[in-house]
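A closer look at the structure
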Amino acid sequence: MPQLNLKPTHKAIRDYYTTLQQYDKHSITHEGAVSSPFETLLAICAKQMDATLIPQY
C-alpha cells in the first residue's frame with residue numbers, strides 16, 4: 001500500500017489553512033463551511049494514494 005507523502009509545507013496543507021484563516025476573518029466556523037476545504041484536502045490525499053474520494057452525499 002502506498003504511503004501518503006504530506007508535510008505541513010505542502011501546497012495542499014497551506015491552501016487548507018489559508019482558507020480556514022479566511023473563514024475565521026469572516027467569523028465562519030461552523031462545520032458545514034469547514035467541510036468543503038477539508039474535502040478538497042482529502043481528495044488531494046486520495047489522489048496521491050491512487051484512491052478515489054467519494055464526496056459527502
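Residues numbered from 1 in each chain as written. Predicted model: local features only at pLDDT ≥ 70, side-chain atom pairs only at ≥ 80, totals over all residues. Heavy atoms only, no water.

Topic: the overall build of the protein
Helix and strand counts for the protein come out as two helices and zero strands. Excluding contacts between residues fewer than 6 apart, the proportion of contacts in the protein whose partners are at least 24 apart in sequence is 42%. Once the 5 positive and 5 negative side-chain charges of the protein are each reduced to a mean point, those two points are 12 Å apart. (Helix = DSSP H or I, 4+ residues; strand = E, 2+ residues; numbered from the N terminus. Contact = heavy atoms within 4.5 Å. Lys, Arg positive; Asp, Glu negative; His and termini not counted. Charge placed at Lys NZ, Arg CZ, Asp CG, Glu CD.)

Notes on the nonpolar core
The biggest cluster of nonpolar side chains holds five residues, and these are Ala12, Ile13, Tyr16, Leu41 and Cys45. Of all the secondary structure elements, the ones that give two or more residues to this core are α1 (11–25) and α2 (31–48). Looking at which element gives the most residues to this core, the answer is α1, with three residues. Among residues more than four places away in sequence, those in contact with Leu41 are Ala12, Ile13 and Tyr16. (Core = buried A, V, L, I, M, F, W, Y, C linked by side-chain atoms within 4.5 Å. Buried < 20%, exposed > 50% of the residue type's maximum accessible area, 1.4 Å probe, protein only.)

Focus: α1
With 15 residues, α1 should reach 21 Å at 1.5 Å per residue; the first-to-last C-alpha distance of 21 Å fits that figure. Packed against the buried residues of α1 are α2. Just downstream of α1, Ser27 is the residue with a positive phi angle, here 55°. (Expected span 1.5 Å × (residues − 1).)

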